[in-house]
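Topology and contacts: notes
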Amino acid sequence: MPTYSYLCQHCAKEIEIFHSIIAEPVKVCPNCNQESLIKQIGNGALVSFKGSGFYETDYKRQPSKEK
Ligand SMILES: [Zn+2]
C-alpha cells in the first residue's frame, strides 16, 4: 500500500498516511483537527522543482568535469 505525504497548512505538520490509491484523500489534520491537509504528490514534485535551479547552476559552473 502506498504512503501518502500530507502537509497541514494550518499547523505546518507533515503527516504520512497509508491508504489505498482509491481511498478518499484525507483532509482533516490529526494534529490540529483542521481541514487543512494538502496532499504531496509523490516524493519528487516539490524537491525537483526546488532542485532544478540548483542543478542548472551547478551544471553551468562545471561544464565538462565528468571525465
Ligand atoms: Zn494541522
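Residues numbered from 1 in each chain as written. Predicted model: local features only at pLDDT ≥ 70, side-chain atom pairs only at ≥ 80, totals over all residues. Heavy atoms only, no water.

**Digging into the environment of Tyr 4**
Residue placement: Tyr 4 occurs in strand S1 (residues 3–8). By relative accessible area, which is 11% here, Tyr 4 ends up buried. Measuring from C-alpha to C-alpha, the distance between Tyr 4 and Phe 18 comes to 6.2 Å, with 14 residues separating the pair along the chain. (Helix = DSSP H or I, 4+ residues; strand = E, 2+ residues; numbered from the N terminus. Buried < 20%, exposed > 50% of the residue type's maximum accessible area, 1.4 Å probe, protein only.)

**Some thoughts on the coordination of the zinc ion**
The zinc ion binds to the protein through Cys 8 (SG), Cys 11 (SG), Cys 29 (SG) and Cys 32 (SG); the donor distances cover 2.2 to 2.3 Å. Classification of the site at the zinc ion rests on its 4 donor atoms, whose angles at the metal span 104 to 118°, yielding the label tetrahedral. Taken in sequence order, the residues that donate to the zinc ion follow the motif C-x2-C-x17-C-x2-C. One end of the pair, Cys 8, is in strand S1; the other, Cys 32, is in the loop between strand S2 (14–18) and strand S3 (37–40), with 24 residues separating them in the sequence. Just as Cys 8 is buried, Cys 32 falls in that class too. (Donors = N, O, S within 2.8 Å, 3.2 Å for Na, K, Ca; no water. Tetrahedral: all angles 85-135°; square planar, octahedral: opposite > 155°, others 65-115°.)

**Focus: the confidence of the model for the protein**
Looking at the protein, the pLDDT average stands at 73 and 57% of residues meet or exceed 70. Contacts of residues 44–52 to residues separated by more than four positions or lying in other chains number 1 contact, the stretch itself having pLDDT below 50. (pLDDT = per-residue confidence, 0-100. Contact = heavy atoms within 4.5 Å.)

**Some thoughts on the nonpolar core**
If you look at soluble globular proteins, the nonpolar side chains tend to sit buried side by side. In terms of nonpolar packing, the biggest core is built from 8 residues, these being Tyr 4, Tyr 6, Cys 8, Ile 15, Ile 17, Cys 29, Cys 32 and Leu 37. Those elements giving two or more residues to this core turn out to be S1 and S2. Among the elements that line this core, the one with the most residues is S1, at 3 residues. (Core = buried A, V, L, I, M, F, W, Y, C linked by side-chain atoms within 4.5 Å.)

**As for the side chain of Ser 36**
Note on placement: Ser 36 falls in the loop between S2 and S3. Classification of Ser 36 by relative accessible area gives buried; the value is 14%. If sequence neighbours within four positions are ignored, Ser 36 has contacts with Leu 7, Cys 8, Gln 9, His 10 and Lys 27.

**Quick look at the sheet that holds S1**
In spatial order, the strands read S2-S1-S3; together these 3 strands make up an open sheet with antiparallel pairing. Bordering the open sheet on either side are S2 and S3, each of which pairs with just one other strand. The sheet shows a mean angle of 35° between the axes of neighbouring strands, taken without regard to direction. Pairing of S1 with S3, which is carried by 4 bridges, proceeds in the antiparallel orientation. By the bridge assignment for S3, Leu 7 is matched with Ile 38. (Pairing = 2+ DSSP bridges. Axes fitted to C-alpha atoms, helices over the stretch in contact; angles between N-to-C directions.)

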